[in-house]
Amino acid sequence: MADELEARGVRTLELDGEGTRLMNAWQGEDRVVLVDAVRSDGRPGTIHRLDAIKGRVRKNWLRCSSHEFAVAEAVEMARILERLPQSLVIFGIEGKSYGYGEKLTPNVKQAVPEVARRILLELGSPPQN
Amino acid sequence: MTKPKTAKTAKAKKTARAAKAAKTVNRTIKVDALARVEGEGALYVRVKDDAIQDVRFRIFEPPRFFEAFLKGRIYSDAPDITARICGICPIAYQMGAIQAMEQALGVTVTGPLRDLRRLIYCGEWIESHVLHAAMLHAPDFLGLEDALQLAKDDPEVVKTALELKKLGNRILEVVGGRATHPINMKVGGFYKAPRKREVRELIDPLKWAIDASIRLTKVFAGFDFPADEHDYTCVALRHPDEYAIHEGRIVSSNGLDIAVAEFPEHFTEEHVEHSNALHGMTMDGDIYLVGPNARYNLNYAQLSDLAKQTAKDAGLGPVCNNLFKSILVRMVETLYACEEALRIAESYEEPDESSVEVIPGAGVGAGCTEAPRGICFHRYELDDEGRILTARIQAPTSQNQPQIEIDLRRIVENNLHLPEERLKWRCEQTIRNYDPCISCATHFLDLQIERV
């Protein structure tokens, strides 16, 4: 996904989800879109969208990270310290299995180009067909 | 016989929170065992007539795929594969693997390349220690739920901590190529030596960081620390010329003094029934402590004058056997790491070669470094082509696990009078004293106290 977005002129960063690094990455930016795995017992491949400026990020929603201070904490911490970017939209893809070294399951894989498409729309750059 | 009573568990609270959250985002959120956290902790305590019958601290650790992953791979793959074991301390894993390979292949790295290794390791200490001390541990002492509360109550502390952490990251980026799973270290040295200008640019921030870590130490020294002392058997690296971080011999408070390669003859690890993680102990079955307090207690004399003075001002003597004060020891080590990083950055000149030549072949080698949480041991056997035949990695948290159980038993025993919620809090705090690599697990801690 990152490669595809880069090709369309979107600056992308792959991070491990450690919260303070996320805060450093988005501080001072205008428009940020964050993509992560979600585990909420929904159908694998389901795409969630959350406007983090408008709504709080629930701690357990993005809990596919091995960090105690992760995405949700970083968003809420940045909100308190007034270090959120002007716009922060989170896309979550519902996962199926979270083991080591496993490939994306087909449902999740299908969701990837769709999320990329929606990110481009979000950023006002309609995908080319 | 009284009826067994189970404490209101964290899980019950989480279910309630999840139900509330579900309402908001309109879906059910289940928070049972999560697979990709580095572990999940559960504590089980059985009490009879106000006496403890059983304490079991359980960690679900992902099965150790890594040692299996490594078999058959070429020696030079080991640093980048092992770096993936932990997102918080990749340097510890990389460097342990690198040193083991260098020993197996008869390579020694000295001079500026060795300095760069110490520099990047200082970066990892800074970021890991500050993250734990300020963001995960400090809220415990303030009766706050988490760092978000701390940010509301005392934004300056959090801002200072974030800035320090960022500097730790920056060191990893400059020397390691990037902060997340750095890619620049290799067997024999570095793929590319960092530019002098980039290293020198660390100087001013590091000068600020020295003051900042002293300030944070002072703030944390004002906390109310539970009275708790234990006669720990400490194990750490020791180096003749410096406070050991990335190399040395293995020493203990019992007088042990061995080369790293001798570790397997003196230490073992054991599967215990109630935990997936392996529990470390000495060959005689003794339980020991690794990590900041072990290092501090064994190597205090080698700290800088400023670090010693800061420790003294924070109320620490040359030995600290109260692990609740590990938050102070972590800050003293952070300060020392900043001083060391500054010293190295100030004298850095770009080396002529970024690495020394390595010729693959057969051999056996061991490596050990002081990960922020304690010694991390590696041992590899290589075949004639330099492919890995066997791999053994012993992480600090598995070594500390039996000691955590002992601490928990003592803490519960001495605090049975506390209400369940307060007792649970105190237990979580006890586990966080170790900054276990399951720090993610500490909020999932499911405490069951069964009174029979």
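Here is what the cut-offs are and how they apply
- Residues numbered from 1 in each chain as written.
- Chains lettered and ligands numbered in written order.
- Predicted model: local features only at pLDDT ≥ 70, side-chain atom pairs only at ≥ 80, totals over all residues.
- Heavy atoms only, no water.
- Helix = DSSP H or I, 4+ residues; strand = E, 2+ residues; numbered from the N terminus.
- Buried < 20%, exposed > 50% of the residue type's maximum accessible area, 1.4 Å probe, protein only.
- Contact = heavy atoms within 4.5 Å.
- Areas by Shrake-Rupley, 256 points an atom, 1.4 Å probe, with all protein chains shown as cover.
- Core = buried A, V, L, I, M, F, W, Y, C linked by side-chain atoms within 4.5 Å.
- Pairing = 2+ DSSP bridges.
- Axes fitted to C-alpha atoms, helices over the stretch in contact; angles between N-to-C directions.

### Overview of the overall build of chain B
Part 1: When you go through chain B residue by residue, the secondary structure sums to 15 helices and 13 strands.
Part 2: Going through the 452 residues of chain B one by one, you find that 62% of them count as buried.
Part 3: Considering only intrachain contacts with a sequence separation of at least 6, the fraction spanning at least 24 residues in chain B is 72%.
Part 4: Just so you have it, chain B exposes about 17,800 Å², and 47% of that area is on carbon and sulfur atoms.

### Let's talk about the environment of R39 of chain A
All names here are of chain A.
Part 1: As for its position among the elements, R39 is in the loop between β1 (31–38) and β2 (47–51).
Part 2: Classification of R39 as partly exposed rests on a relative accessible area of 23%.
Part 3: Sequence separation of R39 and Q110 is 71 residues, and the distance between their C-alpha atoms is 17 Å.

### Quick word on the nonpolar core
Part 1: Grouped together as the largest cluster of nonpolar side chains are 120 residues, with contacts concentrated most on W26 and M77 of chain A together with F220 and Y296 of chain B.
Part 2: Of the residues forming this core, the biggest block, 15 residues, is contributed by helix α5 (residues 111–141) of chain B.
Part 3: Leave out the neighbours within four places in its chain, and Y296 of chain B touches Y243, L303, A311, L316, G317, P318, V319, C320, V329 and V332 of chain B.
Part 4: Residues L43, V45, V55 and L408 of chain B belong to the second largest nonpolar core, which totals 23 residues.

### As for the side chain of T20 of chain A
Part 1: Mapped onto the secondary structure, T20 of chain A falls in helix α2 (residues 19–26).
Part 2: With relative accessibility at 1%, the residue T20 of chain A sits in the buried group.
Part 3: In contact with T20 of chain A, not counting residues within four places along its chain, are F69 of chain A together with L131, M135, L162 and K165 of chain B.

### Side note on the sheet that holds β1 of chain A
Residue and element names in this part refer to chain A.
Part 1: The sheet built from 3 strands is open, its strands ordered β1-β3-β2 with mixed pairing. Looking at the sheet topology across the chains shown, the edges are occupied by β1 and β2. Across the sheet, the mean angle separating the axes of adjacent strands is 20° when strand polarity is ignored.
Part 2: Sheet topology places β1 next to strand β3 (residues 87–94); 8 bridges connect them, and they run parallel. By the bridge assignment, A37 is partnered in β3 with I93.
Part 3: Contacts from helix α4 (residues 106–122) reach β1, β2 and β3 within the one sheet, and its direction differs from that of β3 by about 165°.

### Some details on the sheet that holds strand β5 (residues 235–238) of chain B
Residue and element names in this part refer to chain B.
Part 1: Across the sheet, which stays open at both edges, the 3 strands sit in the order β5-β6-β7 with antiparallel pairing between neighbours. A strand with exactly one partner marks an edge of an open sheet, and here the two such strands are β5 and β7 (257–258).
Part 2: Relative to strand β6 (residues 249–252), β5 runs antiparallel, the two sharing 4 bridges. Note that in β6 the partner of V235 across the bridge is S252.
Part 3: Of the strands in this sheet, β5 and β6 touch helix α11 (residues 292–299), which is tilted by about 55° from β5.

### A short note on the environment of A236 of chain B
Residues and elements named next belong to chain B.
Part 1: Positionally, A236 belongs in strand β5.
Part 2: Relative accessible area serves as the criterion here: at 0%, A236 is assigned to the buried category.
Part 3: Separated by 192 residues in sequence, A236 and Y44 place their C-alpha atoms 30 Å apart.
Part 4: Not counting residues up to four positions away in its chain, the partners in contact with A236 are R249, I250, V251, A294, R295, L298, N299, E370 and I375.

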